[in-house]
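Residues per chain are reported as follows:
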Amino acid sequence: MKRRVFLKSGLAALALAGAAGASGTFRSLMPGRFSLITGTQSVQAAAGFRELLPIPPLLEDMSNTADSVHFAMQVQAGSREFFPGMSTPTLGYNGNFLGPTIRVRNGQQFRMHVQNELHQTTSLHWHGLHVPAKWDGGPRQPIAAGAGWDPEFTIKQQAATLWYHPHAMGLTGEQVYNGLAGLFFIEDEVSDSLDIPRAYGRDDIPVVLQDRRFFVNGQFAYVQGRHDVINGVIGNYLLVNGVMQPRLKVHAGMVRLRLVNGSNSSIYTIRLSGSKSFQMIASDGGFLERPLTMDSIILSAGERAEVVVDFSNNKLDSQLSLLVDQLGGNSFEAMAITVDRPAETVVKIPSSLLPLEKIPASEATVTRKFIMETMGGGRMGMMGGGLSINGRKMDLNRVDARIKLGSTEIWEISNRSAMMMSMPHSMHLHDVQFQILSRNGRPPAAHEQGRKDTVLVMPGETVRIISRFRDYKGIYMYHCHLLEHEDEGMMGQFEVVA
Ligand code: C2O
Ligand code: CU
Ligand code: CU
């Protein structure tokens, strides 16, 4: 509670500072010709909840064998009516906005042809995937306008809800904002055999949460000033799978929601109306050791959680809603949920899911410190380019950490908070799933004790994580997943070497 108040005042101070001191480094992506659509969605709640929650189609596999998959993905421009009669220019994968769900199995050979039909460079990164560096799809693997890219690798990873999005240098935030993102599910024997809902789109529901801001002509209002870079672009409308205020119809049984914070920079607290509780079964990198009963969950930009909701005690035709609060921002009635049919399946969530092999701290041979700073101190000037990690901004020609292949490291990540510049950060590492050893010297909460690739670091906090760097050599990214921070240079490179 205290933290929240502190943060709010920090954000307010930032907004003022940004407006007053807008520096020259900021590149305006959309000249402010139009004013913004103001007010929040909750005001219009009564008008919404008519459209059914769209379920992204599963991407069609063109291979004929069980041990391989072969996909085709086109990155394209389009448009969509978020407001009736008003067309918003968008980007999408194989469509107008967002993309199909990629579903693979552990051990499969993965192949994809990606065709960039945009007039600008993009890339395709698999967030959370343990993948050879040259197929990571980060800033080192740009796909030029009109060009193709043909990644090919083996899935070496347990069941998890991952996602994909573009990651070209300096363009990530804008392209994600315009609609480029999709889900990437890995399944395996464990996810097959556990007694959990698994019928895609019926009782296993993807829920991609993204807030947006619009101009009165319907265009997305991406970064408008320096304060948007520092605070992140915080929207006053919330999309669920690309739609405002949809309705989800569920059976009166167990329903699995795969929650993804796909926003650019928001931190969401997610809950159900009536304080209805749910069971969390998986974090970023897969199943928890056992289900965890919770009544709300916080996800920072890039984080995921799988939860199971039991609707068996809800009467037919009863209404609930999914509520989403932005930290220091708006509150949304994000989605209506109607129980519209009797239970189709009966599952009893097992009391244990998947044991976690805890990486002992003693296994680590190296401890590194990473300081995430919103203000660069005197050297960079008060309002200047002050978003950095260890005082540096991203440079493709510089490797920030060399890590021995096969070794285990502890990373100590601090959010150094200067009075006026308190911003939360969301640290993400490519290549690995890590474990959180401690948050401010204390063991992490139960829901953060599993497999993670992204972690929220609040102002003043220090989070220690541990990870093994196995299988692949090469250069990978680590960065703040507040995408405006990332594009502004809050990113570095680690190289795994022999
Ligand atoms: Cu979700 Cu470096 O990315
Ligand atoms: Cu990633
Ligand atoms: Cu950040």
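Residues numbered from 1 in each chain as written. Chains lettered and ligands numbered in written order. Predicted model: local features only at pLDDT ≥ 70, side-chain atom pairs only at ≥ 80, totals over all residues. Heavy atoms only, no water.

Engineer: Explain the overall build of the protein chain to me, and be specific about the residues and the numbers.
Structural biologist: Secondary structure summary: the protein chain contains 5 helices and 31 strands in total. Counting over 498 residues, the protein chain shows a buried share of 61%. With the model as given, the accessible surface of the protein chain reaches about 18700 Å², and the carbon-plus-sulfur share is 52%. (Helix = DSSP H or I, 4+ residues; strand = E, 2+ residues; numbered from the N terminus. Buried < 20%, exposed > 50% of the residue type's maximum accessible area, 1.4 Å probe, protein only. Areas by Shrake-Rupley, 256 points an atom, 1.4 Å probe, with all protein chains shown as cover.)

Engineer: Give me the nonpolar core: which residues, what numbers.
Structural biologist: With 52 residues, the main nonpolar core has Trp411, Met427 and Phe494 as its most contacted residues. Leaving out residues up to four positions away in the same chain, Met427 has contacts with Phe370, Met372, Ile389, Ile413, Phe434, Asp453, Thr454, Val455, Tyr478 and His479. By size, the runner-up hydrophobic cluster in this structure holds 34 residues, among which are Val255, Leu259, Ile270 and Leu322. (Core = buried A, V, L, I, M, F, W, Y, C linked by side-chain atoms within 4.5 Å. Contact = heavy atoms within 4.5 Å.)

Engineer: Help me get a handle on the sheet that holds strand β15 (residues 268-272), residues and values and all.
Structural biologist: In sheet architecture, strand pairing relies on hydrogen bonds along the backbone and comes in two forms, parallel and antiparallel. Strand order in the open sheet formed by 5 strands is β13-β21-β20-β15-β18, and the pairing between neighbours is mixed. Of all the strands in the sheet, just β13 (247-251) and β18 (297-299) have a single pairing partner and so form its edges. Geometrically, the sheet is characterised by an average inter-axis angle of 25 degrees between neighbouring strands, direction not taken into account. As defined by bridge partners, β13 adjoins strand β21 (residues 331-341) across 5 bridges and the pair is classed as parallel. Note that in β21 the partner of Leu248 across the bridge is Ile337. (Pairing = 2+ DSSP bridges. Axes fitted to C-alpha atoms, helices over the stretch in contact; angles between N-to-C directions.)

Engineer: Tell me about the confidence of the model for the protein chain, and name the residues and values.
Structural biologist: Confidence in the prediction of the protein chain, expressed as mean pLDDT, is 91, and 89% of residues score 70 or more. Ignoring residues within four places in sequence, the model shows residues 1-30, a span with pLDDT below 50, making 52 contacts including any to other chains. Overall, residues 376-384 carries pLDDT values under 50, and its contacts beyond four positions in sequence, including any with other chains, amount to 13 contacts. (pLDDT = per-residue confidence, 0-100.)

Engineer: So what's going on with the coordination of the copper ion (ligand 3)? Which residues, and what values?
Structural biologist: Looking at the copper ion (ligand 3), the protein donor atoms are His425 (ND1), Cys480 (SG) and His485 (ND1), and they sit 2.0 to 2.2 Å from it. On the primary sequence, the residues serving as donors to the copper ion (ligand 3) are separated as H-x54-C-x4-H. Taken together, the residues His425 in strand β26 (residues 425-429) and Cys480 in strand β30 (residues 474-480) connect sequence positions 55 residues apart. Judged by its relative accessible area of 0%, His425 is buried. (Donors = N, O, S within 2.8 Å, 3.2 Å for Na, K, Ca; no water.)

Engineer: Give me the coordination of the copper ion (ligand 2): which residues, what numbers.
Structural biologist: At 1.9 to 2.0 Å from the copper ion (ligand 2) lie its protein donor atoms, namely His125 (NE2) and His428 (NE2). Of this pair, His125 sits in strand β5 (residues 125-127) while His428 sits in strand β26, placing them 303 residues apart in sequence. Accessibility classification places His125 together with His428 in one group, the buried group.

Engineer: Which residues make up the packing of aromatic side chains, and what values go with them?
Structural biologist: Across all of its chains, the model carries 27 aromatic pairs by this definition. Taking 5.6 Å as the distance between ring centres and 50 degrees as the angle between the ring planes, the aromatic pair formed by Phe82 and Phe214 counts as tilted. One end of the pair, Phe82, is in strand β1 (residues 68-83); the other, Phe214, is in the loop between β10 (204-212) and α4 (226-231), with 132 residues separating them in the sequence. Classification of Phe82 as buried rests on a relative accessible area of 9%. Relative accessible area serves as the criterion here: at 0%, Phe214 is assigned to the buried category. Aromatic side chains Trp411 and Phe469 sit 6.2 Å apart centroid to centroid with 25 degrees between the ring planes, which places their arrangement in the stacked category. One end of the pair, Trp411, is in strand β25 (residues 408-416); the other, Phe469, is in the loop between β29 (462-468) and β30, with 58 residues separating them in the sequence. Judged on exposure class, the residue Trp411 and its partner Phe469 are both buried. Across from the ring centre of Phe220, 5.8 Å away, lies the NZ or CZ of Arg212, which sits over that ring. (Phe/Tyr/Trp six-rings, centres within 6.5 Å; stacked < 30°, edge-to-face > 60°. Lys NZ or Arg CZ within 6 Å of the ring centre and 35° of its normal.)

Engineer: Describe the sheet that holds β30, listing the residues and the values that go with them.
Structural biologist: A sheet is described by the order of its strands in space; here 5 strands give the open sequence β24-β31-β30-β26-β28, paired in mixed fashion. Of all the strands in the sheet, the pair left with one neighbour each is β24 (401-404) and β28 (454-457). Averaged over all pairs of adjacent strands, the angle between their axes in this sheet comes to 25 degrees, without regard to strand direction. For β26 and β30, the ladder comprises 3 bridges, and the chain directions are antiparallel. The residue bridging His428 from the neighbouring strand is His479, located in β30.

Engineer: Summarise the environment of Val207; cite the residues concerned and give the values.
Structural biologist: With respect to the element layout, Val207 can be found in strand β10. As a C-alpha pair, Val207 and Glu306 span 99 residues in sequence and 9.7 Å in three-dimensional space. Contact partners of Val207, with chain neighbours within four places excluded, come to Val240, Asn241, Leu257, Arg258, Leu259, Val260 and Leu322.

Engineer: Tell me about the pairing of β21, residues and numbers included.
Structural biologist: The buried count for β21 comes to 8 of 11 residues, which makes it a mostly enclosed element. Here strand β20 (residues 319-326) runs beside β21; their pairing, made up of 7 bridges, is antiparallel. For Val324, the partnering residue across the bridge sits in β21 and is Phe332. Linkage of β20 to β21, two consecutive antiparallel strands, is achieved through a turn of 4 residues, within which Gly328 is found at a positive phi near 65 degrees.

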